[in-house]
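The primary structure of each chain is shown beneath.
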Amino acid sequence: MARILLVEDEPKMQRGLRDNLEFEGHKVTVQGDGSSGLQTLLHESFDLVILDVMLPQMSGFDVVRKLREKGNRTPILMLTAKGEEIDKVLGLELGADDYVTKPFSLRELIARVNALLRRAVPPGAADTMMTLGNITVNFASYRRYCTA
Ligand code: CA
């Protein structure tokens, strides 16, 4: 079971995603705007965030930027708009881990969620990590994270 925060303002999308993620055995918290999403992330810990780009009050891009600025490395899967190549690029540059483009199939989304959760650093691995400049190395997994 993973704790997932879903930040999405469309009720239909909220319901569909939450139902499917809960069916997969995850615990899902939903927020409907960017600033509530950011506040929730800064006060609770999650294994993964599913973040829409177009949100009221604060865009998904701003949420990613602010979160990473504060050193929070929760994996982020962004929901981008169809045909907006710039969305994907900007999202990834700001520190998102992956994205799916709307409209997406639920199977694809679930597959990407599961892939990100498998890749995530397990709890307790933090003491095996070392940061040099903008590169963090995880000696347990020999994975390198570049945070530039
Ligand atoms: Ca939206």
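Residues numbered from 1 in each chain as written. Predicted model: local features only at pLDDT ≥ 70, side-chain atom pairs only at ≥ 80, totals over all residues. Heavy atoms only, no water.

Enquirer: I'd like a rundown of the coordination of the calcium ion, residues and numbers included.
Expert: Taken together, Asp9 (OD), Asp52 (OD) and Met54 (O) make up the full set of protein donors to the calcium ion, lying 2.1 to 2.4 Å away. As a motif over one chain, the donors of the calcium ion read D-x42-D-x1-M. With Asp9 in the loop between strand E1 (3-7) and helix H1 (11-23) and Met54 in the loop between strand E3 (48-52) and helix H3 (60-69), the pair connects residues that are 45 residues apart, well separated along the chain. Accessibility expressed as a relative area gives 29% for Asp9, which makes it partly exposed. Judged by relative accessible area, Met54 falls into the exposed class, the value being 61%. (Donors = N, O, S within 2.8 Å, 3.2 Å for Na, K, Ca; no water. Helix = DSSP H or I, 4+ residues; strand = E, 2+ residues; numbered from the N terminus. Buried < 20%, exposed > 50% of the residue type's maximum accessible area, 1.4 Å probe, protein only.)

Enquirer: Kindly report on the side chain of Gln14, identifying the contributing residues and their values.
Expert: Topologically, Gln14 is positioned in helix H1. Engagement of the side chain of Gln14 in a polar contact is seen with the backbone oxygen of Glu8, the distance being 2.7 Å. (Polar contact = N/O pair within 3.5 Å; in protein donor to acceptor, adjacent residues only side chain to side chain.)

Enquirer: So what's going on with the pattern of salt bridges? Which residues, and what values?
Expert: Scanning all chains against the criterion turns up eight salt bridges. Among the ionic pairs, Arg3 bridges to Asp47, the shortest N-O distance being 3.1 Å. Highlighted residues: Arg3 in strand E1 and Asp47 in the loop between helix H2 (34-43) and E3, separated in sequence by 44 residues. In this structure, Arg68 engages Asp97 in a salt bridge whose closest nitrogen and oxygen atoms are separated by 3.0 Å. Of the two residues, Arg68 is situated in helix H3 and Asp97 in the loop between helix H4 (85-94) and strand E5 (98-101); the sequence distance between them amounts to 29 residues. Here the residues in one salt-bridge network are Glu8, Glu10, Asp52 and Lys102, joined through shared partners. (Salt bridge = Lys/Arg side-chain N within 4 Å of Asp/Glu carboxyl O.)

Enquirer: Can you tell me about the nonpolar core, naming the residues and giving the values?
Expert: Of all hydrophobic cores here, the largest spans 18 residues; its most connected members are Leu41, Val49, Leu51, Ile76 and Met78. At the level of secondary structure, the elements contributing two or more residues to this core comprise E1, H2, E3, H3 and strand E4 (76-80). Of all the elements, H3 adds the most residues to this core, at four residues. Every residue in contact with Leu41, bar those within four places of it in the chain, is listed here: Leu5, Phe46, Val49, Val63, Leu67 and Asn72. If you look at the next biggest cluster of nonpolar residues, it comprises 16 residues, including Val100, Phe104, Ile110 and Val113. (Core = buried A, V, L, I, M, F, W, Y, C linked by side-chain atoms within 4.5 Å. Contact = heavy atoms within 4.5 Å.)

Enquirer: I'd love a proper account of H2, names of residues and values included.
Expert: Turn by turn, an α-helix covers 3.6 residues, leaving residues three or four places apart pointing in a common direction. For H2, the full list of buried residues reads Gly34, Gly37, Leu38, Thr40 and Leu41. Viewed end-on, H2 has its buried residues packed into an arc of 165 degrees, placing them on one side of the element. (Arc of directions from axis to C-beta.)

Enquirer: How would you sum up unusual backbone geometry? Please name residues and give values.
Expert: Here the amide bond leading from Lys102 into Pro103 is cis, since omega sits at -5 degrees, within 30 degrees of zero. With respect to the helices and strands, the residue Pro103 is situated in the loop between E5 and helix H5 (106-119). Although it is not a glycine, Gln57 adopts a positive phi angle of roughly 70 degrees. With respect to the helices, strands and loops of the structure, Gln57 is situated in the loop between E3 and H3.

Enquirer: I'd like a description of the packing of H2 against H3, backed by residues and values.
Expert: Two numbers describe how H2 lies on H3: the axes approach to 9 Å, and their chain directions differ by 25 degrees. In this view, H2 runs roughly parallel relative to H3, as classed from their interaxial angle. Read as a crossing pair, H2 and H3 show a hand that is right-handed. Note on element contacts: H3 touches H2 through Val63, Lys66 and Leu67, opposite Gly34, Leu38, Leu41 and Leu42. For the contact of H2 with H3, a count of residues per class yields five nonpolar, one polar and one charged. (Axes fitted to C-alpha atoms, helices over the stretch in contact; angles between N-to-C directions. Parallel < 35°, antiparallel > 145°, perpendicular 65-115°, else oblique. Left-handed = near helix turned anticlockwise from the far one by under 90°. Nonpolar A, V, L, I, M, F, W, Y, C, P; charged D, E, K, R; others polar.)

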